[in-house]
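# Descriptive analysis of the structure
Each chain, letter by letter, is given below.
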Amino acid sequence: MVVGNREQNIRRIIEMEDRICQCERCPSLVKCLRKPSMGKGELDPEALLVFEYENIFTRDINNIIKLRNIIKQEFELDKIYHTFMVRCQPKACTTRQSVNCYGQGKWIDKDYTCLLNNKACDGIPVRPGTGEIISCLPFLLEEIEILHPMYLFLFGERVAEFVLKSYGIYHGFTVNKRYQYEQMIFLTSVNEDEFRRDNCHQLVSIISV
Ligand code: SF4
């Protein structure tokens with residue numbers, strides 16, 4: 001990486017994160033969210049890990065560290081960054097479903113108390129819908145463009161499908177495949193919670209063919 005790019009990347013990522021924090025493209029999601037999920041890690045990464053959304057697995061930093069270490073060891077890399085295809089965590093909630101006007105402000109306070117019923121939020125995390133993925137995808141593509149890693153690990157078939165289609169690749173959204181776009185190598189993987197050393201071995205074997 002050219003000297004100075006890291007500082008430039010930091011500036012651009014911070015500026016993008018400000019826009020993510022102010023984004024209201026998915027009004028039903030932001031109402032019940034305190035903070036969107038942001039990328040973390042080295043800002044001049046050799047590998048970028050992309051998860052679909054922040055779930056129970058990715059919320060546990062120990063899981064992320066373990067997964068990163070497997071990739072570091074097997075791919076002999078040092079610098080890794082991870083991020084999410086959808087930044088705002090969708091929740092299923094009966095209280096929210098009964099409201100049909102969004103109005104101003106959040107519906108949840110800093111202690112995660114629901115302002116609609118004055119009880120602790122009991123929304124159940126669910127996977128994002130297609131509309132939410134499409135709305136949020138530009139942030140991920142911008143992040144990839146800023147960081148421009150050598151390897152992109154796409155965890156889960158949905159991440160593979162939406163990211164690869166964005167780069168004009170319309171086939172083969174199965175796991176353990178390799179695609180190249182400019183100098184970046186995209187690797188499709190099983191879901192993050194199923195990823196073991198064996199899966200990583202398989203990915204190592206397909207980059208060397
Ligand atoms: S999920 Fe993404 S596009 Fe939707 S409101 Fe959050 S940041 Fe914006």
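About the thresholds
- Residues numbered from 1 in each chain as written.
- Predicted model: local features only at pLDDT ≥ 70, side-chain atom pairs only at ≥ 80, totals over all residues.
- Helix = DSSP H or I, 4+ residues; strand = E, 2+ residues; numbered from the N terminus.
- Rg over C-alpha atoms; globule rule 2.2 N^0.38 Å.
- Buried ≥ 20, exposed ≤ 12 C-beta atoms within 10 Å, placed from the backbone.
- Near = placed C-beta within 6 Å.
- Nonpolar A, V, L, I, M, F, W, Y, C, P; charged D, E, K, R; others polar.
- Domains from an automatic or database assignment.
- Pairing = 2+ DSSP bridges.
- Expected span 1.5 Å × (residues − 1).
- Bend = angle between axes of the 7 residues up to and from the residue.
- Contact = placed C-beta atoms within 7 Å.
- Axes fitted to C-alpha atoms, helices over the stretch in contact; angles between N-to-C directions.

This next bit is on the overall build of the protein. Scanning the protein from terminus to terminus reveals eight helices and eight strands. Relative to the compact-globule value of 17 Å for 209 residues, the protein shows a C-alpha radius of gyration of 18 Å, a close match. Here the protein holds 209 residues, and the buried ones make up 30% of them.

Further remarks concern the site of the ligand. Taken together, 14 residues are adjacent to the ligand, and Cys 23, Arg 25, Cys 26, Cys 88 and Cys 136 come closest. Taken together, the elements giving at least two residues each to the shell around the ligand come down to helix 2 (27-30) and helix 6 (130-147). Its residues assigned to classes, the shell around the ligand shows nine nonpolar, one polar and four charged.

The next thing to look at is the domain arrangement of the protein. Looking at the assigned domains, one finds that the protein contains domain 1 (5-25 + 36-90 + 126-207) and domain 2 (92-125). For domain 1 versus domain 2, the separation of C-alpha centres amounts to 29 Å.

What follows covers the pairing of strand 8 (residues 184-189). Bridge count for strand 6 (residues 151-155) against strand 8 is five bridges, and the pairing is parallel. Residue pairing for strand 8: Phe 155 is matched across the bridge by Ser 189. Here strand 7 (residues 178-181) runs beside strand 8; their pairing, made up of four bridges, is antiparallel. Opposite Tyr 179, over in strand 8, you have Phe 186 as the bridge partner. Between strand 7 and strand 8, which pair antiparallel in sequence order, lie two residues; one of them, Glu 182, sits at a positive phi of approximately 50°.

The subject of this paragraph is helix 6. End to end, helix 6 covers 25 Å across 18 residues, agreeing with the expected 26 Å (1.5 Å per residue, within 8%). The axis of helix 6 is deflected most strongly, by about 40°, at Cys 136, and proline Pro 138 appears within four residues downstream. Turning to helix 6, its buried residues number three or more, namely Glu 132, Cys 136, Phe 139, Leu 140, Glu 143, Ile 144 and Leu 147. Contacts made by the buried residues of helix 6 are with helix 1 (5-22), helix 2, strand 2 (47-51), strand 3 (80-84) and strand 6. Following helix 6 by one or two positions, His 148 adopts a phi angle in the positive range, close to 40°.

The next thing to look at is the sheet that holds strand 3. A sheet is described by the order of its strands in space; here six strands give the open sequence 1-3-2-6-8-7, paired in mixed fashion. This sheet does not close on itself; its edge strands, each paired only once, are strand 1 (40-41) and strand 7. As defined by bridge partners, strand 2 adjoins strand 3 across five bridges and the pair is classed as parallel. Across the sheet, Leu 48 pairs through a bridge with Tyr 81, a residue of strand 3. Of the strands in this sheet, strand 2, strand 3 and strand 6 touch helix 4 (residues 61-75), which is tilted by about 135° from strand 3. This element, helix 8 (residues 197-207), spans strand 7 and strand 8 of the sheet and lies at about 145° to strand 8.

Restricting attention to buried positions, one finds in helix 7 (residues 157-166) the residues Val 159, Ala 160, Phe 162, Val 163 and Leu 164. Those residues of helix 7 hidden inside the fold are in contact with strand 2, helix 6, strand 6, strand 7 and strand 8. Gly 168, located one to two residues past helix 7, shows a positive phi value of around 80°.

Attention shifts here to unusual backbone geometry. Of note in the backbone geometry, Tyr 112 takes a positive phi value of approximately 65° without being a glycine. Along the chain, Tyr 112 falls in the loop between helix 5 (94-97) and strand 5 (124-125). When the 12 C-beta atoms within 10 Å are taken as the criterion, Tyr 112 is described as exposed. Positioned with a positive phi, Asn 118 is a non-glycine residue whose angle comes to about 60°. Along the chain, Asn 118 turns up in the loop between helix 5 and strand 5. What makes Asn 118 exposed here is the crowd of 8 C-beta atoms within 10 Å.

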